[in-house]
Amino acid sequence: MKFLSAVKTIGNARQAARALLSEETDTAALDADLLLSAVLSVNRNLLEVLEEVELGSSQAADFEHLLQRRLAGEPIAYITQSKAFWTIDLQVSPATLVPRPETELVVERALFHCQSIESPKLADLGTGSGCIALAIASTVSAAHLVATDISADALEVAKQNCKALELDNVSFFYGSWAEALPNHTFDIIVSNPPYIASDDQCLADKFMRFEPPVALIGGSDGLESIRRIVTGVRKHLKPGGWLIIEHGCDQGNAVRNLFESNGFKNYSTFKDLADLDRVTEGQNG
Ligand code: GLN
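Residues numbered from 1 in each chain as written. Predicted model: local features only at pLDDT ≥ 70, side-chain atom pairs only at ≥ 80, totals over all residues. Heavy atoms only, no water.

1. What about the nonpolar core?
If you look at the biggest cluster of nonpolar residues, it comprises 32 residues, and the most contacted ones within it are L122, I136, L145, V170 and I244. Sorting the residues of this core by element identifies β2 (88-91), α5 (104-114), α6 (131-139), β4 (144-149), α7 (152-164), β5 (170-174), β6 (186-191) and β7 (237-246) as the ones contributing at least two each. No other element matches α6, which puts 7 residues into this core. Once residues lying within four places of it in the same chain are set aside, the contact partners of I136 are V107, A110, L111, L122 and L145. By size, the runner-up hydrophobic cluster in this structure holds 26 residues, among which are A123, L125, W177 and I189. (Core = buried A, V, L, I, M, F, W, Y, C linked by side-chain atoms within 4.5 Å. Buried < 20%, exposed > 50% of the residue type's maximum accessible area, 1.4 Å probe, protein only. Helix = DSSP H or I, 4+ residues; strand = E, 2+ residues; numbered from the N terminus. Contact = heavy atoms within 4.5 Å.)

Written out as structure tokens, the structure reads:
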């Protein structure tokens, strides 16, 4: 053990891990606690009261190993294999994007439209871990969701999450965007597609290097998948049905233009918690 050789108690381990991680991340205290609670299999809120308890040598070795992974840039969610999103906990793997808080805006917009539909039928294209579909399905029990993905591994993760949440209102289909959809029409179609341009420097980010490129990169201008979705979904939407898409903060204008030229009406863009353009929705005209 390199980092934790002088560590005796859980309190010492917390302190040592915070100091180490603070050189790499601005969420050092949170990261240290998430990793330590994973090693000890206890709720993070309990660490405070366990400070005086001695850390076993195998626990210290396990903690050391997880810290090393984190220091190499690996997202906490991949290390602990879980991520909180909306009101649910999701299993994630390197086959799926780590769910982001801004994606909850897609859930919010979908739930807003669900209010006026009795048994809404929704589709989530490129579901990844299933975060959007499962958040909606767990909030609106009368809804039925179809969730698709081009990655069989991601689809498996989404199915496992559905099972763990004991939801029976989600069906899964393998395939690319609208082509994966079964032959019926939906009230609402949502998606968080890949939308980063292939030459964007952010892809070299320590964190993103661990995520699947297929879930991040939307071709040379970042809009390739969004274009395929907007042009492909109308025949799967009921008249007046809504398309809700997450996109990059500088893509609002381009996405609204795509909605306009593909016959959508009442389109508008919503800002995320950082006050950045993040989600555009429009109605099948
Ligand atoms: N929202 C992610 C990011 O910019 C990208 C995910 C995506 O392309 N859908 O970090």
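2. Re the pattern of salt bridges
All chains considered together, the criterion is met by 13 salt bridges. Of the charged contacts in the structure, one is a salt bridge between R14 and E48, with a shortest N-O distance of 3.7 Å. Of this pair, R14 sits in helix α1 (residues 10-21) while E48 sits in the loop between α2 (28-40) and α3 (57-71), and the two are 34 residues apart along the sequence. The salt bridge partner of D31 is R70, with a shortest N-O separation of 2.8 Å. (Salt bridge = Lys/Arg side-chain N within 4 Å of Asp/Glu carboxyl O.)

3. Observations concerning the site of the ligand
Every residue lining the ligand is accounted for by L97, R100, E102, N192, P193, P194, Y195, I196, M208, A215, L216 and E246. N192 has a polar side-chain atom sitting 2.7 Å from a nitrogen atom of the ligand. One nitrogen or oxygen atom from the main chain of L216 is found 3.5 Å from an oxygen atom belonging to the ligand. Its free accessible area being 290 Å², the ligand has 89% of it covered by the protein chains. (Near = heavy atom within 4 Å. Polar contact = N/O pair within 3.5 Å; in protein donor to acceptor, adjacent residues only side chain to side chain. Areas by Shrake-Rupley, 256 points an atom, 1.4 Å probe, with all protein chains shown as cover.)

4. Quick notes on the environment of T96
For T96, the location among the structural elements is in the loop between β2 and α5. Each C-alpha atom of the pair T96 and E64 lies 25 Å from the other, and the pair is 32 residues apart in sequence. Setting aside anything within four residues of it in sequence, one finds T96 in contact with Y78, G128, S129, A154, V157 and P212.

5. Quick look at helix α10 (residues 252-261)
The set of residues buried in α10 consists of G252, V255, L258 and F259. What you see down the axis of α10 is that its buried residues fit within an arc of 125 degrees, all on one side. Residues N253 and S261 are exposed on α10 and point more than 90 degrees away from its buried face. Residues of α10 that are buried in the fold lie against α9 (224-232), β7, β8 (264-271) and β9 (277-284). Where α10 ends, the next residue or the one after it, G263, has phi of about 85 degrees, a positive value. (Arc of directions from axis to C-beta.)

6. Notes on the pairing of β9
For β9, the buried fraction is high: 8 of the 8 residues fall into the buried class. Pairing analysis gives 5 bridges linking β7 to β9, with the strands arranged antiparallel. By the bridge assignment for β9, I244 is matched with E281. Direction of pairing for β8 relative to β9: antiparallel, over a ladder of 6 bridges. The residue bridging S268 from the neighbouring strand is E281, located in β9. (Pairing = 2+ DSSP bridges.)

7. Details of unusual backbone geometry
The phi dihedral of E166 is positive, around 55 degrees, even though this residue is not glycine. Mapping E166 onto the fold places it in the loop between α7 and β5. In this structure, N266 is a non-glycine residue whose phi angle is positive, near 50 degrees. Examined against the element boundaries, N266 turns out to sit in strand β8.

8. Details of the environment of R228
Within the fold, R228 resides in helix α9. When near neighbours in sequence (up to four residues on either side) are disregarded, R228 contacts S176, W177 and E179.

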